[in-house]
Amino acid sequence: SFVLWESMIQVILEHLQTTGDAGDAYHVVFAGGIHDARSAAMVAALSAVLSELNVRVGVLIGTAYLFTHEAVQSGAIVEGFQTEAMRCNQTILLESGVGHATRCADTEFGKTFLDEKRRLIREGKSKDEIREALERLNLGRLRIASKAIMRDDSFDGEKARPAYVALDEGGQLREGMYMIGQVAALRDQTCTIEELHSNVCAGGVEVLNEFAAPAAVGRGPRCSGPSDIAIIGMSCLLPKAADKGRFWENILNGVRCTDEVPAERWDSELYFTT
């Protein structure tokens, strides 16, 4: 988020300078990874130049609400979704096509999605056919994950069955797509909404004050010069070079280290054409 935030702040500053508009006529909302005191403090520090011009600054919290007690108590999500959120240590992107990607927890459905995508590619389906098929596969998956219910469009004679059927925990986990942000990998505890808001707002101010204030009593002010600690060592991991020695040999020998993206990694034809 930092690169996007910083770029847009610069655009806004240039706009205000060019137009002469009053800063308080503008509202700026920061989003992407904000979930605790430290992330909120980062927004505050980065947006200080806007605040000085009276631009109104806010933050948008998304994934962190999935970790609140109220999310389950209110029925917004079932407990199984929250359990999976707390268990999540990495997220994946399910891309049905260019510009069509969904970030979610790395669950069994992710494998199902990728297997289906590879099958469609092997069969020589067009990009549009692949995208449409994968979008149909995704349809209703978030409802399964968040509500543990699946739509049932089958018929029993002339009488339609119930529109939705409940799933057990295994079915929910197997069939559901747990849409969630990367913040999920940073949180593993639940809290109340009040505690979340307090941590982001008041906690963010406390973090800034800690950085601005001198170090703890008896230790003197923060050191502004070089420290006595030196980090010695060099390492690298690059294409066709697992260490710096091989990297240097490749340079000396003029080895071409960039090749076509392996087909098993991702389908380059979805993004590039010759």
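Caption draft 1: Focus on the overall build of the chain. A tally of helices and strands in the chain yields eleven helices and eight strands. Computed over its C-alpha atoms, the radius of gyration of the chain comes to 25 Å, more than 25% above the 19 Å expected for a compact globule of 274 residues. Considering only C-alpha atoms, the chain reaches an extent of 80 × 60 × 45 Å along its principal axes. Sequence-distant contacts, at least 24 apart, represent 64% of the contacts inside the chain between residues at least 6 apart. Accessible area for the chain stands at about 18600 Å²; split by element, carbon and sulfur atoms hold 54% of it. Across the chain, the centroid of the 28 positively charged side chains sits 5 Å from that of the 39 negatively charged ones.

Caption draft 2: Geometry of the pairing of strand 4 (residues 100-105). Both strand 3 (residues 91-97) and strand 4 contribute to a ladder of six bridges, which runs antiparallel. Looking at the pairing, Ile-92 lines up with Cys-104 of strand 4. Between the antiparallel neighbours strand 3 and strand 4 lie two residues, among them Gly-99 with a positive phi of about 80 degrees.

Caption draft 3: Representation of the pattern of salt bridges in the model. Summed over the entire model, instances satisfying the criterion amount to ten salt bridges. A salt bridge links Arg-87 to Glu-84, with the shortest nitrogen-to-oxygen separation between them at 2.5 Å. Taken together, the positions of Arg-87 and Glu-84, both in helix 5 (residues 79-87) and three residues apart, correspond to about one turn of that helix. Residue classification places Arg-87 among the partly exposed residues on the basis of a relative accessible area of 48%. Between Lys-111 and Asp-115 there is a salt bridge, with its nearest N and O atoms 3.0 Å apart.

Caption draft 4: Highlighting the confidence of the model for the chain. Chain-level statistics for the chain give a pLDDT mean of 89 and a share of 92% at 70 or above. Model confidence for the chain, summarised as mean pLDDT per element, is weakest for strand 6 (residues 155-156) at 56 and strongest for helix 4 (residues 69-73) at 97.

Each value, and the rule that gives it
Residues numbered from 1 in each chain as written. Predicted model: local features only at pLDDT ≥ 70, side-chain atom pairs only at ≥ 80, totals over all residues. Heavy atoms only, no water. Helix = DSSP H or I, 4+ residues; strand = E, 2+ residues; numbered from the N terminus. Rg over C-alpha atoms; globule rule 2.2 N^0.38 Å. Contact = heavy atoms within 4.5 Å. Areas by Shrake-Rupley, 256 points an atom, 1.4 Å probe, with all protein chains shown as cover. Lys, Arg positive; Asp, Glu negative; His and termini not counted. Charge placed at Lys NZ, Arg CZ, Asp CG, Glu CD. Pairing = 2+ DSSP bridges. Salt bridge = Lys/Arg side-chain N within 4 Å of Asp/Glu carboxyl O. Buried < 20%, exposed > 50% of the residue type's maximum accessible area, 1.4 Å probe, protein only. pLDDT = per-residue confidence, 0-100.

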